[in-house]
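Chain and residue survey
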Amino acid sequence: MEVEFHANMSDSATYHVSRALGPVLEPLGVQLSGEYGGVMEHLWIDLELVESHAKPDGKPRHPFRLQKRVSGVAPFGLPPMPDQFNVGHFSVRPDFKRIASLPVEEAVAYALSLIYQSLDILQEKKKKLGGFDAQLFRERFKTTCETLGYPCGA
């Protein structure tokens, strides 16, 4: 499974956080990519950093969703499209005022801690993910964050 983290959309209040997260999130995704079982071939996790894009109910914009592979058949005589991968995707919403006010290193640690906490959704969706080892993924996330210098939870 390939893993990607994104925090590339920001506003003036969170731009410094987005810039600081880039060099952390990219290697984190590379190091976490690997075999975890199940049907998910890609996992994309977005950190929301634009408060004006946030849903008013306080929930993340994108709840967990598994986009299943589609066939290569195109309707209406269109040319066939290549198969897509089974992609899991969700977003994580921070406390915007808090993340914008923290010093950069603390903001990065806070963001990673929120992502770590959000990984509970993978355990909740375990049946839908067909044997995905959510516990192993969560443990590797924590260990990898610690090796990068960011303890992210109990």
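Residues numbered from 1 in each chain as written. Predicted model: local features only at pLDDT ≥ 70, side-chain atom pairs only at ≥ 80, totals over all residues. Heavy atoms only, no water.

On to the pairing of strand E4 (residues 87-92). Among the six residues of E4, six are classified as buried, and the element is accordingly described as predominantly covered. Burial of E4 is two-sided: the residues Val 87, His 89 and Ser 91 facing one way and the residues Gly 88, Phe 90 and Val 92 facing the other way are all buried. For strand E2 (residues 42-47) and E4, the ladder comprises six bridges, and the chain directions are parallel. Paired with Ile 45 across the bridge in E4 is Phe 90. Sheet analysis places strand E3 (residues 65-67) next to E4, joined by three bridges and oriented antiparallel. In the strand pairing of E4, Leu 66 is matched with Gly 88. (Buried < 20%, exposed > 50% of the residue type's maximum accessible area, 1.4 Å probe, protein only. Helix = DSSP H or I, 4+ residues; strand = E, 2+ residues; numbered from the N terminus. Pairing = 2+ DSSP bridges.)

What follows concerns the pattern of salt bridges. All chains considered together, the criterion is met by three salt bridges. The salt bridge involving Lys 97 is made with Glu 51; its shortest N-O contact spans 3.8 Å. Here Glu 51 lies in the loop between E2 and E3 and Lys 97 lies in helix H2 (residues 96-101), a separation of 46 residues in the sequence. Using a relative accessible area of 61% as the deciding quantity, one classes Lys 97 as exposed. (Salt bridge = Lys/Arg side-chain N within 4 Å of Asp/Glu carboxyl O.)

Axis separation between helix H3 (residues 104-118) and helix H5 (residues 134-147) bottoms out at 10 Å; the angle between their running directions is 165°. Classified by the interaxial angle, the pair formed by H3 and H5 is roughly antiparallel. In this structure, H3 crosses over H5, and the sense of that crossing is left-handed. Note on element contacts: H5 touches H3 through Arg 138, Phe 141, Lys 142 and Cys 145, opposite Leu 112, Ile 115, Tyr 116 and Gln 117. Broken down by class, the residue content of the contact of H3 with H5 amounts to five nonpolar, one polar and two charged. (Axes fitted to C-alpha atoms, helices over the stretch in contact; angles between N-to-C directions. Parallel < 35°, antiparallel > 145°, perpendicular 65-115°, else oblique. Left-handed = near helix turned anticlockwise from the far one by under 90°. Contact = heavy atoms within 4.5 Å. Nonpolar A, V, L, I, M, F, W, Y, C, P; charged D, E, K, R; others polar.)

Another point: the sheet that holds E3. What the four strands build is an open sheet, ordered E1-E2-E4-E3; its pairing is mixed. Unpaired on one side and paired on the other, strand E1 (2-6) and E3 mark the two borders of the sheet. The average angle at which neighbouring strand axes cross in this sheet is 20°, direction not considered.

Attention now goes to the side chain of Glu 48. Here Glu 48 lies in the loop between E2 and E3. Salt bridges are absent for the buried Glu 48, whose nearest opposite-charge side chain, Arg 93, sits at 4.8 Å. For Glu 48, the side chain forms a polar contact with the main-chain nitrogen of Arg 61, separated by 2.5 Å. When sequence neighbours within four positions are dropped, the list of residues in contact with Glu 48 reads Ala 54, Pro 60, Arg 61, His 62, Ser 91, Val 92, Arg 93, Pro 94 and Phe 96. (Lys, Arg positive; Asp, Glu negative; His and termini not counted. Polar contact = N/O pair within 3.5 Å; in protein donor to acceptor, adjacent residues only side chain to side chain.)

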